[in-house]
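Survey of secondary and tertiary structure
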There are 2 protein chains.
Amino acid sequence: MTVERGGLASRVSGERTRRKIPEATVARLPVYFRVLLASVEHKTTTISSDRLAELAGVNAAKVRKDLSYLGSYGTRGVGYDVEFLLYQISQELGLTNDWAVAIVGIGNLGQALANYGGFSARGFRIAALLDSDPAKVGTMVADRPIEHLDELDRIVHERAVAIAVLAVPAPASQSVADRLVRAGVTSILNFAPTVLSVPAEVLVRDVDLAIELQILSFYHRRRLDSFAVGTTVAVGTSVSVGTTVEAVG
Amino acid sequence: MTVERGGLASRVSGERTRRKIPEATVARLPVYFRVLLASVEHKTTTISSDRLAELAGVNAAKVRKDLSYLGSYGTRGVGYDVEFLLYQISQELGLTNDWAVAIVGIGNLGQALANYGGFSARGFRIAALLDSDPAKVGTMVADRPIEHLDELDRIVHERAVAIAVLAVPAPASQSVADRLVRAGVTSILNFAPTVLSVPAEVLVRDVDLAIELQILSFYHRRRLDSFAVGTTVAVGTSVSVGTTVEAVG
DNA sequence: GCCGCCTTGGGATTCGATTCACAAGCGCAC
DNA sequence: GTGCGCTTGTGAATCGAATCCCAAGGCGGC
């Protein structure tokens, strides 16, 4: 696992020094973003790391460290300017980019995702709904027509689709992923319970809903066991999940 | 974050020594489980850490270390017995328990989750679908009637619901969570984009679909930047996610 | 304009997870 | 039965994340 080896930062001399943001921090930035969005609606103009930590469910030291990777944008004795912080985070996460997203596989989950407001609210525009079932093609979901998977190449090209959400049944996932890659998609959010094999330059991130339940089940059960022997057990406040981002050329 | 301090293992003298399984390992066990399930259908009786690693998208050393926490169940020179490993993992994850799960909030996502086969296939029985919308109550989803949220206490009690899947709109999530807790639910899989505040003995695990896209977006963008300065950047193969498990009494 | 309070930023440390590397052990061939 | 090749299991080393802690710095009160 190699990430921006030492030499890089110095070689990118022209622009501001490229900070390497830890993966764990990247995973938390969207949470801060969400919390800050809610705060700004409450007319909060300034927020301390303590308060932000409380709202995000983490501790203050972590918040400060995380935000320090974005640069020193806080004011000592005061806190962070909410608007500015929102801007910085959205910049860092690329939410200012207006990504075109295609949802592939309009079954139950695909439909739910298409209707899910949370995506568009974060700068992810749903640019296409694709399915290979002729019975579905042409019907409307979330005010959009379902288009046929065979149109993939054209659609990806014309609408500059960079990210695809894969919500097809597990057996079909690999072959559909192959088609996505061939069409030029370079990031895939995979909801199918499979490990996709893709070229190194394609990013895959897995979300497996059943796995989440299994992890809950583990801690649930262990807690009961612990009570049985009369012992108190605290589970850590942050558990990493069975998702992966794969490679980059 | 205290987890089964040293002294405990020795005190639980009767049964086999209680191993502390790292969080990261817990998150991967379900992946191995999934892969092994598929292997067993292919009539594979034995599997090496190398092969399992390939199928699970991790490296062999990690697989061996992870499995070693379950005990020494492999055979040197041969590999692991697939059936036995499946048994051990399901045991450890508590999948032999037949959990009763209630899905609360039958909107798009709740409906999709109700229809998602992956849950029942892993020992999670959907015991109730709940919603507070009178128009929905009584209608059938996935061969089950939607029941009213007011029945919560009775249902949780009668059907021994231990885990709830929370799929209500964000503004309602905290109050519904409070009701779940009062009814006796001790583990919650939260799909609402909020940080729930619950008593320490309740486990919460968050899944935020928009966050996943934002994380993808970050790496997608950074990769482009890197190309722009003519540099190759490899992103780690395992990224932790913005989900949390909270406390335990 | 100075003082005291508050909060950030970040170096140092601790903790946990990953990777390395190899001895131990098993099965098969002969 | 002996030896060889393969694969596990696990200490040791490394890497990355979380936490600790406090000096630096800004602000409001007086």
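Up top is the structure.
Residues numbered from 1 in each chain as written. Chains lettered and ligands numbered in written order. Predicted model: local features only at pLDDT ≥ 70, side-chain atom pairs only at ≥ 80, totals over all residues.

Brief notes about the protein's contact with DNA strand C
Rule in force here: A molecule or strand has a residue near it when that residue's C-beta atom, placed from backbone coordinates, lies within 6 Å of it. Strands are runs of DSSP state E lasting at least two residues, helices are runs of H or I lasting at least four, and both sets are numbered from the N terminus onward.
Lining the immediate environment of DNA strand C, one finds 30 residues, of which A:Gly74, A:Arg76, A:Gly77, B:Pro22 and B:Gly77 sit closest. Contributing elements (two or more residues each) for the surface near DNA strand C: helix 3 (49–56), helix 4 (60–68) and strand 3 (79–81) of chain A together with helix 2 (23–41) and helix 4 (60–68) of chain B.

Some points on the sheet that holds strand 3 of chain A
Applied cut-off: Should DSSP find at least two bridges between two strands, the strands are regarded as paired.
Spatially, 1-3-2 (chain A) is the arrangement adopted by the three strands of the open sheet, whose pairing is antiparallel. Strands at the two margins of the open sheet, each flanked by one partner only, are strand 1 (46–47) and strand 2 (74–75) of chain A.

Details of the protein's contact with DNA strand D
Close to DNA strand D lie 30 residues, the nearest being A:Pro22, A:Gly77, B:Gly74, B:Arg76 and B:Gly77. Elements supplying a minimum of two residues to the surface near DNA strand D: helix 2 (23–41) and helix 4 of chain A together with helix 3 (49–56), helix 4 and strand 3 (79–81) of chain B. Counting residues per element, the surface near DNA strand D draws most heavily on helix 4 of chain B, at five residues.

Side note on the pairing of strand 5 (residues 124–131) of chain A
Residue and element names in this part refer to chain A. Note the following rule: For the exposure call, what matters is how many other C-beta atoms sit within 10 Å of a residue's own: 20 or more marks it buried, 12 or fewer exposed, and in between partly exposed, using C-beta atoms placed from the backbone.
For strand 5, a buried count of six out of eight residues is recorded, marking the element as mostly surrounded by other parts of the structure. Of the pairings in the sheet, the one linking strand 4 (residues 99–104) to strand 5 comprises six bridges and is parallel in character. The partner of isoleucine 103 across the bridge, within strand 5, is leucine 129.

Regarding the packing of helix 2 of chain A against helix 5 (residues 82–93) of chain A
Residue and element names in this part refer to chain A. Let me state the cut-off plainly: All axes here are fitted lines through C-alpha atoms, helices being fitted over the stretch that makes contact, and every angle between N-to-C directions spans 0 to 180 degrees. Each crossing gets its hand from how the near helix is turned against the far one by less than a right angle, where anticlockwise is left-handed and clockwise is right-handed. The contact criterion used is a C-beta to C-beta distance within 7 Å, with each C-beta placed from the backbone. Note on residue categories: nonpolar means Ala, Val, Leu, Ile, Met, Phe, Trp, Tyr, Cys or Pro, charged means Asp, Glu, Lys or Arg, and polar means any other residue, Gly included.
Close contact between helix 2 and helix 5 brings their axes to 10 Å; oriented N to C, the two are set at 145 degrees. The element helix 2 and its partner helix 5 pack so that their crossing is left-handed. Between helix 2 and helix 5, the contacting residues are Leu29, Pro30, Tyr32, Phe33, Leu36, Leu37, Ser39 and Val40 on the first element and Val82, Glu83, Leu85, Leu86, Ile89, Ser90, Glu92 and Leu93 on the second. Grouping the constituent residues of the contact of helix 2 with helix 5 by class yields twelve nonpolar, two polar and two charged.

Examining the sheet that holds strand 8 (residues 161–166) of chain B
Residue and element names in this part refer to chain B. Pairing is mixed across the open sheet formed by seven strands, whose spatial order is 6-7-5-4-8-9-10. Each edge of the open sheet is held by one strand with a lone partner, namely strand 6 (140–141) and strand 10 (203–206). As paired strands, strand 5 (residues 124–131) and strand 7 (residues 144–148) are joined by three bridges and run parallel to one another. Paired with leucine 129 across the two strands is isoleucine 146, which belongs to strand 7. Set on the sheet, helix 6 (residues 108–115) makes contact with strand 4 (99–104), strand 5, strand 6, strand 7 and strand 8; between it and strand 4 the angle comes to about 155 degrees. Strand contacts of helix 9 (residues 170–183): strand 4, strand 8 and strand 9 (187–190), with the helix running at about 175 degrees to strand 8, the strand carrying the most contacts.

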